[in-house]
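If you want the building blocks of each chain, they are given just below.
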Amino acid sequence: MAAQSRSSEMEFLAEEMIIEIEARFNHPPLKLIRGTFGPFYPNQRAKVPLWLGLSLKKQKKCRLVLPEWLDSEHLAEVLRQERAQEGIFQDLPFYYVEIATLLLATAADEFPMPDRTRSLVEDIENVRMEKIRRGLQGMSDTVLRGRSVMSTKMNHVGAMEITTVRGFLTEAMGLFYTLSGQEVVAQGGG
Amino acid sequence: MDRGYFSVDAILAAEDRVPVVFNTMAASLGFLDPACKDEDLPARSRVELPLWLALALQAKNMVRVELPRHYSARFREDLLAGPDAVDIRERSAFFYETGTALARVKRDDHLQRTMRMVFAGPRFRHILDASLNSGGDDMTDFLQDLPHAERALFHAGSQGSKAQEAYKKGTHAQLGIAEVLKGGSAPVDRTVGGQGGKESNPSL
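The structure presented is a predicted model; accordingly, all values stated were derived computationally and were not measured.

Rules used throughout
- Residues numbered from 1 in each chain as written.
- Chains lettered and ligands numbered in written order.
- Predicted model: local features only at pLDDT ≥ 70, side-chain atom pairs only at ≥ 80, totals over all residues.
- Heavy atoms only, no water.
- Patch = residues over 30% accessible without salt bridge, like charges linked within 9 Å, V, L, I, M, F, W, Y side chains within 5 Å.
- Areas by Shrake-Rupley, 256 points an atom, 1.4 Å probe, with all protein chains shown as cover.
- Salt bridge = Lys/Arg side-chain N within 4 Å of Asp/Glu carboxyl O.
- Lys, Arg positive; Asp, Glu negative; His and termini not counted.
- Charge placed at Lys NZ, Arg CZ, Asp CG, Glu CD.
- Helix = DSSP H or I, 4+ residues; strand = E, 2+ residues; numbered from the N terminus.
- Buried < 20%, exposed > 50% of the residue type's maximum accessible area, 1.4 Å probe, protein only.
- Pairing = 2+ DSSP bridges.
- Axes fitted to C-alpha atoms, helices over the stretch in contact; angles between N-to-C directions.
- Contact = heavy atoms within 4.5 Å.
- 1 Å grid on protein atoms, 1.4 Å probe; cavity = no way out; pocket = protein on both sides within 12 Å on 5 of 7 lines; lining within 4 Å.
- Points joined across faces, edges and corners; volume = space filled by probe spheres on them.
- Nonpolar A, V, L, I, M, F, W, Y, C, P; charged D, E, K, R; others polar.
- Polar contact = N/O pair within 3.5 Å; in protein donor to acceptor, adjacent residues only side chain to side chain.
- UniProt positions renumbered as here; feature names shortened; annotations may be inferred.

Undergrad: Which residues make up a negative patch on the surface, and what values do they have?
TA: All names here are of chain B. Residues Asp 87, Glu 90, Asp 137, Asp 138, Asp 141 and Asp 145 make up a contiguous surface patch of negative charge. With respect to the helices, strands and loops of the structure, Asp 141 is situated in helix α7 (residues 140-144). When its relative accessible area of 60% is taken as the criterion, Asp 141 is described as exposed.

Set out below in structure tokens:
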């Protein structure tokens with residue numbers, strides 16, 4: 001499937017994550033397909049799916065409570081660790097890019113330092129992308145050393161990162177498999 | 001590359017010409033060899049046939065398939081010495097695919113291994129870097145010299161990175177409501193045959 005539609009899908013799925021809001025309205029419990037949320041009272045916290053939180057925020061019906069991992073100090077530490085530890089990825093939410101992007105776009109006023117947060121997330125993305133690139137390069141080096149590449153390990157990798165390299169990774173591994181000579185092909189006419 | 005019996009890539013690749021030597025005389029096939037004046041093709045004639053036909057005839061022991069010059073031992077040395085310096089596409093757009101089929105038929109592990117080394121070396125690195133980093137650059141020069149399999153790899157990579165850029169810029173499409181679910185002023189007639197329900201059949 002085209003990578004473009006995949007990133008819309010990833011964002012859609014990211015919006016299912018639960019976020020805390022501080023309601024500015026009164027409402028009895030909301031029965032949604034995935035569960036019941038609320039009841040809602042002014043100035044009381046409640047948990048809702050992200051898409052609902054964003055929609056309410058846009059209508060100025062609530063405040064959004066930022067997830068803890070989006071705190072700038074925490075992100076700065078994640079970035080430090082990401083740079084320090086070579087072959088592994090730090091433990092971030094699967095949809096960290098999508099969630100950060102959506103919150104920064106819709107609820108920038110909830111961030112103490114939105115620009116700093118945005119740039120930290122970008123730096124983290126770039127460091128991780130570079131690790132993925134090195135991992136892909138490593139695959140071909142493995143083949144050059146005469147070993148076959150059947151799988152590759154990417155712990156804690158994010159949705160956006162997968163979407164970006166999915167096409168290349170599957171195509172490359174398919175080619176390595178073809179070139180390994182192990183593929184069984186039906187011979188026509190014989 | 002799409003795989004399987006109906007793989008378009010495999011079908012196109014099998015059109016590549018390979019030299020064969022006829023084991024027996026072939027009646028009325030003299031036209032296959034431009035140098036032959038007779039109606040019948042004599043045994044030991046060397047002729048170029050498409051791979052699919054060559055393999056089919058070899059399976060019946062009518063011909064012996066030979067390796068085209070770009071799979072010869074000499075060419076392999078040149079390739080291994082400088083994989084990214086050789087214009088592979090000029091020899092065959094389906095270099096890897098045809099080569100793999102020939103390596104299987106001739107049981108030539110060295111040929112298979114050579115192609116692996118050629119692909120996995122600097123060529124792979126260039127394609128990886130170019131496809132993930134090229135942004136909006138014009139890559140036609142780069143792509144021009146790439147055989148089919150490498151072009152496919154490049155496109156797979158560049159689609160992914162372009163999609164990521166589009167997301168960052170906010171130019172990606174948003175998922176919307178399916179047309180059939182959008183409300184309208186008139187109730188949608190979902191009955192089979194289109195006769196409607198209670199509204200259009202007041203007698204019910």
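Undergrad: Can you break down the sheet that holds strand β2 (residues 46-50) of chain B residue by residue, with the values?
TA: Residues and elements named next belong to chain B. On the basis of which strands lie adjacent, the open sheet formed by 3 strands has the order β2-β1-β3 and antiparallel pairing. Looking at strand neighbours, the two that pair on one side only are β2 and β3 (63-65), the edges of this open sheet. Averaged over all adjacent pairs, the angle separating strand axes in this sheet is 40 degrees, with direction ignored. Against the sheet, helix α2 (residues 51-59) contacts β1 (17-22), β2 and β3, and its axis sits at roughly 115 degrees relative to β2.

Undergrad: Which residues make up the layout of surface pockets, and what values go with them?
TA: If you add up the space inside the second largest pocket, you get close to 530 Å³. In this structure, the second largest pocket is lined by 19 residues; those nearest its centre are Glu122(A), Glu125(A), Asn126(A), Gln164(B) and Lys168(B). Where the lining of the second largest pocket is concerned, the elements lending two or more residues are α4 (96-106) and α5 (114-144) of chain A together with α6 (109-133) and α8 (148-169) of chain B. For the lining of the second largest pocket, the element with the most residues is α5(A), which contributes 8 residues. In the lining of the second largest pocket, the residues fall into 6 nonpolar, 6 polar and 7 charged.

Undergrad: Summarise the environment of Lys168(B); cite the residues concerned and give the values.
TA: Position of Lys168(B) among the secondary structure elements: in helix α8. For Lys168(B), the residues in contact, after removing those within four places along its chain, are Val97(A) and Glu125(A). Only 2.5 Å separates the side chain of Lys168(B) from the side chain of Glu125(A), close enough to count as a polar contact.

Undergrad: Quick rundown of the UniProt feature "domain: DNA replication complex GINS protein PSF3 N-terminal" (unreviewed entry) in chain B? Include the residues and the values.
TA: The sites that UniProt annotates as "domain: DNA replication complex GINS protein PSF3 N-terminal" (unreviewed entry) are residues 6-57 of chain B. In the segment residues 6-57 of chain B, helix accounts for 25% and strand for 21%; the C-alpha atoms at its two ends are 21 Å apart.

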